[in-house]
Amino acid sequence: MALAAAPANLAGKQSLRVVVIGDPGTGKSSLVVSAATEATSPAPEQRSKLIAECQSADVVVLTYACDQPATLERLSSFWFPELRRLQLEAPVIVVGCKLDLRGEEQGTLDAVMAPIMVAFREIETCIECSALRQILVYEVFYYAQKAVLYPTAPLFDQEAQMLKLRCMRALKRIFILCDHDRDGAFSDVELNDFQVICFNAPLQPNEIIGVKRTIQEKLTEGVNENGLTLTGFLFLHTLIIGNGKLETTWTVLRKFGYDNELKLRDDLIPAIKRAPDQTLELKSQVIDFLRGIFNMFDTDNDGALQPAEINDLFSTAPENPWSSHLYENCAENNVLGGLSFEGFISKWTLMTLIHPSNSFANLIYVGYPGDFDSAFTTTRKRRVDRKKKQTQRNVFQCYVFGPRHAGKTALLQSFLKRYHSIGTRKTLVMREISEGDVGPLLSDKESLAPCDVAVIVYDSGDEVSWQRARELLVQVATRGKNTGYEVPCLIVAAKDDLDQSPLALQDSTRVSHDMGIETPIPFSVRLRDLNNIFCRIVHAAQQPHLSIPETEAGKTHRQYRQFLNRSLTVVSVGAAVAVVGVAAYRVYAARKNASS
């Protein structure tokens, strides 16, 4: 059944789906008829319906009959194990129906439910009602709605009886934003301002004194000479939630833009509109902001951020965004595992390239005060860059292709811990494409759109390796030509320190010449002979109209167009001569007539 949710816009919902489940005879139908329509039982023929309904529910109301103790026992023996098996994420309200038939010998609600609530922490609340006598029926659905609007699960760990990590991170960010003098505590003025921002009502002086006294009595470090500390602020919300006032904490969180997953709401992150061959880059003012953040969290002033310092930097975000495998080994770390400033900016650059919305959200989490447009610039389309024969990009993405054991990984790793001076800052993002991923990648029409340069690597001592690399080169060139996303290509002859294959060398030189690209670049990690390859890749990206490999089909098409253009030129000249001839004839005829 669906209930209209008047205040549900706070959670981004216009209606709530409430599913009522329980044993036969527990009062489900009577309860629902009092409010709406439908209920679900555990009968085998309704099992698939039970699963579907629970998985689509915003909240589940689980019933037992107050006059049937066996149905209460079934909560523990069947219903909650079943809901756990279904991996139910919706909050659960336990409702004792037929309150009017409840015997005095059965004990109080608190007495019968206490052990169940200890065993099953997913229970939001318990209530008893009577549909026949209309006792507390409205309250059942009020609590169901409240459980969705102000859920406990994202905020509080019932087992540990403490705030959950993501909740603490969100509240820490809010505390820092409202600590205007940055002294690590809420003064009375700041505490009052916070109250006005969140609840549009000031605190009276005696209320401020009362809040601080309550916290200090239970937690000495919760208040210092400057006011309410972060520790005290978090403890205050622990008390608030423990007293069942979840709406208070949720009001604070939503005032600062958080959704039910304790992330910034989607509407606070602008929709990004761009063509497939456009990317976003950090603006210089964001680089300056990040430099300040880097220096702030480099507490030991060693010019690098240790893992603990990075975790501290992102302690106001839902999680460390760089814990993903995408960011492993993608930037320089010193011998102690510290991240240099160049590596720090490289990771932000990568995040902006592959997930700009996430990049902007994390900028906000760490305190960036500007809007989206002040943070990023959208690059020109690569097709336009090729026509204009230049690019304004500062971040280039390079796809590295090659057969197995050709030396792709060694090439990528050779760039770590090396920064090259080429004038303005240029960042090169290299993506290794395994041989097995080439087919799925190139099957996507827009797969080459984000690519600035394609590097084809082969083992210079292995003729078979070169043959496979040549096939990959043709595949990339053909796909680029067919989709309109043509990509400059470079060939890298890896393992140059080992014995060379004369046939591979000869054929690779011929192929590169025939396709109109640079001859293969020798490369050796063992000899540290990188052959200035970073600059050569960047140069190819900066000259997007060059190094575009020409396939046989493309060459034939070009030759045909050249022939056609020459033919059209001849026809045009012939037509012009003919027109001139006719005009001359008419002039001659007119003169002849005049003379006669």
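The model shown is predicted, which means the values in this text are computed figures rather than measured ones.

K.L.:
Break down the overall build of the chain for me, with residues and values.
P.N.:
Each helix and strand counted, the chain has 22 helices and 19 strands in total. For the chain, the proportion of its 596 residues judged to be buried stands at 46%. Relative to all contacts within the chain whose residues are 6 or more apart in sequence, the contacts with residues 24 or more apart total 72%. Surface summary for the chain: the accessible area is close to 30,200 Å², and the carbon and sulfur share equals 53%.

K.L.:
Please provide a residue-by-residue account of the sheet that holds strand β8 (residues 185–186), values included.
P.N.:
Taken in spatial order, the three strands make up an open sheet running β8-β10-β9, and their pairing is antiparallel. A strand with exactly one partner marks an edge of an open sheet, and here the two such strands are β8 and β9 (223–224).

K.L.:
Outline the side chain of Thr 152, supporting the account with residue identities and numerical values.
P.N.:
By the secondary structure assignment, Thr 152 is in the loop between α5 (137–149) and β6 (156–157). Looking at Thr 152, its side chain comes within polar contact range of the side chain of Glu 124, at 2.8 Å.

K.L.:
Give a detailed account of the UniProt feature "domain: EF-hand" (unreviewed entry) in the chain, specifying residues and quantitative values.
P.N.:
According to UniProt, the positions carrying the feature "domain: EF-hand" (unreviewed entry) are residues 285–320. The span residues 285–320 carries 56% helix and 6% strand; its end-to-end C-alpha distance comes to 23 Å.

K.L.:
Mind laying out the side chain of Lys 426, listing which residues take part and the relevant values?
P.N.:
When you line up the elements, Lys 426 lands in the loop between α17 (408–415) and β16 (427–432). At 7.3 Å, Glu 281 is the nearest oppositely charged side chain to Lys 426, a buried residue that forms no salt bridge. Here Asn 394 takes part through its side chain, which lies 2.8 Å from a polar atom of the side chain of Lys 426. Contact partners of Lys 426, with chain neighbours within four places excluded, come to Arg 393, Asn 394, Phe 396, Phe 534, Val 538 and Gln 542.

K.L.:
An account of the pairing of strand β17 (residues 453–459) is needed here, citing residue identities and associated values.
P.N.:
When you tally the buried positions in β17, you get seven out of seven residues, the bulk of the element. Where strand β15 (residues 395–401) meets β17, four bridges bridge the pair, whose relative direction is parallel. Its bridge partner lying in β17, Val 400 is registered against Val 455. Note that β17 and strand β18 (residues 489–494) share six bridges and pair parallel. Note that in β18 the partner of Val 457 across the bridge is Val 492.

K.L.:
Could you give an account of the pattern of salt bridges, naming the residues involved and the relevant values?
P.N.:
All chains considered together, the criterion is met by 22 salt bridges. One salt bridge in this structure joins Asp 23 and Arg 74, with 2.9 Å as the shortest N-O distance. With Asp 23 in the loop between β2 (15–22) and α1 (28–33) and Arg 74 in helix α3 (residues 69–85), this pair connects stretches of sequence that are 51 residues apart. For Arg 74, a relative accessible area of 29% gives the class partly exposed.

K.L.:
Outline helix α9 (residues 230–242), supporting the account with residue identities and numerical values.
P.N.:
Taking 1.5 Å per residue as the helical rise, α9 with its 13 residues ought to reach 18 Å, and the 18 Å between its terminal C-alpha atoms agrees with that figure. Every buried residue of α9 is listed here: Gly 232, Phe 233, Leu 234, Leu 236, His 237, Ile 240 and Ile 241. Gly 244 sits one or two residues past α9 and shows a positive phi near 80 degrees.

K.L.:
Talk me through the sheet that holds β15; I want residue IDs and the actual numbers.
P.N.:
Here we have five strands laid out as an open sheet, ordered β16-β15-β17-β18-β19, and parallel in their pairing. Both outer strands of the open sheet, β16 and β19 (521–522), are each paired with one neighbouring strand and no more. Here β15 pairs with β16 via six bridges, running parallel. Its bridge partner lying in β16, Phe 396 is registered against Leu 428.

K.L.:
Can you lay out the packing of helix α19 (residues 463–483) against helix α20 (residues 502–515) for me, pointing to particular residues and giving the numbers?
P.N.:
Working note: a packed helix pair is described by the angle between its axes plus the distance between those axes. Between α19 and α20, the least distance of the axes is 9 Å, while the angle of their chain directions is 15 degrees. As summarised for this structure, α19 and α20 are arranged roughly parallel, according to the angle between their axes. Seen along the crossing, α19 lies across α20 with a hand that is right-handed. Contact residues: α19 offers Glu 463, Trp 466, Arg 470, Leu 473 and Ala 477, while α20 offers Leu 503, Ala 504, Asp 507, Ser 508, Arg 510, Val 511 and Met 515. Looking at the contact of α19 with α20, its residues break down into seven nonpolar, one polar and four charged.

K.L.:
Outline the packing of aromatic side chains, listing residues and values.
P.N.:
Tallied over the full model, the rule gives 22 aromatic pairs. Measuring from ring centre to ring centre gives 6.2 Å for Phe 360 and Phe 376, while their planes differ by 70 degrees; the resulting arrangement is edge-to-face. With Phe 360 in helix α14 (residues 356–365) and Phe 376 in strand β14 (residues 376–378), this pair connects stretches of sequence that are 16 residues apart. Exposure remark for Phe 360: the relative accessible area of 3% places this residue in the buried category. Judged by relative accessible area, which is 5%, Phe 376 ranks as buried. Taken together, the aromatic side chains of Phe 294, Phe 314, Trp 322, Phe 341, Phe 344 and Trp 348 make up a single cluster linked through ring pairs. The residue whose ring lies beneath Arg 74 is Phe 78, and the NZ or CZ to ring-centre distance is 4.4 Å.

K.L.:
Kindly report on the environment of Val 32, identifying the contributing residues and their values.
P.N.:
Secondary-structure assignment places Val 32 in helix α1. For the pair Val 32 and Val 19, spaced 13 residues apart in sequence, the C-alpha separation works out to 9.5 Å.

K.L.:
Tell me what's going on with a positive patch on the surface, and back it up with residues and numbers.
P.N.:
A cluster of basic residues, Lys 381, Arg 383, Lys 387 and Lys 445, forms a positive patch on the protein surface. Tracing the chain through its elements places Lys 445 in the loop between α18 (438–442) and β17. Using a relative accessible area of 53% as the deciding quantity, one classes Lys 445 as exposed.

K.L.:
Any details on the environment of Val 384? Residues and values, ideally.
P.N.:
Inspection of the secondary structure puts Val 384 in helix α16 (residues 382–388). A relative accessible area of 28% means that Val 384 is categorised as partly exposed.

K.L.:
Break down the environment of Trp 79 for me, citing the residues and quoting the values.
P.N.:
Along the chain, Trp 79 falls in helix α3. In the structure, Trp 79 is positioned 56 residues away from Asp 23 in sequence and 8.9 Å away in space, judged by C-alpha atoms.

K.L.:
Could you give me a rundown of the confidence of the model for the chain, with the residues and numbers involved?
P.N.:
For the chain, per-residue confidence averages 85 on the pLDDT scale, and residues scoring 70 or more make up 85% of the total. Note on residues 1–10: pLDDT under 50 across the span, and 28 contacts to partners over four residues away in sequence or across chains.

K.L.:
Hey, could you go over a nonpolar patch on the surface for me, with residue numbers and the actual values?
P.N.:
On the surface, a cluster of nonpolar side chains totalling about 350 Å² of accessible area is made up of Tyr 138, Tyr 142 and Tyr 143. With respect to the secondary-structure elements, Tyr 143 resides in helix α5.

K.L.:
Please set out the packing of helix α11 (residues 284–297) against helix α13 (residues 341–354) residue by residue, giving values where relevant.
P.N.:
Put simply, α11 and α13 touch, their axes get as near as 11 Å, and they point 130 degrees apart. Classified by the angle their axes make, α11 and α13 are oblique. Read as a crossing pair, α11 and α13 show a hand that is right-handed. The residues of α13 that touch α11, namely those facing Ile 287, Leu 290, Arg 291 and Phe 294, are Phe 341, Phe 344, Ile 345 and Trp 348. Considered class by class, the residues forming the contact of α11 with α13 number seven nonpolar, no polar and one charged.

What counts and what doesn't
Residues numbered from 1 in each chain as written. Predicted model: local features only at pLDDT ≥ 70, side-chain atom pairs only at ≥ 80, totals over all residues. Heavy atoms only, no water. Helix = DSSP H or I, 4+ residues; strand = E, 2+ residues; numbered from the N terminus. Buried < 20%, exposed > 50% of the residue type's maximum accessible area, 1.4 Å probe, protein only. Contact = heavy atoms within 4.5 Å. Areas by Shrake-Rupley, 256 points an atom, 1.4 Å probe, with all protein chains shown as cover. Pairing = 2+ DSSP bridges. Polar contact = N/O pair within 3.5 Å; in protein donor to acceptor, adjacent residues only side chain to side chain. UniProt positions renumbered as here; feature names shortened; annotations may be inferred. Lys, Arg positive; Asp, Glu negative; His and termini not counted. Salt bridge = Lys/Arg side-chain N within 4 Å of Asp/Glu carboxyl O. Expected span 1.5 Å × (residues − 1). Axes fitted to C-alpha atoms, helices over the stretch in contact; angles between N-to-C directions. Parallel < 35°, antiparallel > 145°, perpendicular 65-115°, else oblique. Left-handed = near helix turned anticlockwise from the far one by under 90°. Nonpolar A, V, L, I, M, F, W, Y, C, P; charged D, E, K, R; others polar. Phe/Tyr/Trp six-rings, centres within 6.5 Å; stacked < 30°, edge-to-face > 60°. Lys NZ or Arg CZ within 6 Å of the ring centre and 35° of its normal. Patch = residues over 30% accessible without salt bridge, like charges linked within 9 Å, V, L, I, M, F, W, Y side chains within 5 Å. Charge placed at Lys NZ, Arg CZ, Asp CG, Glu CD. pLDDT = per-residue confidence, 0-100.

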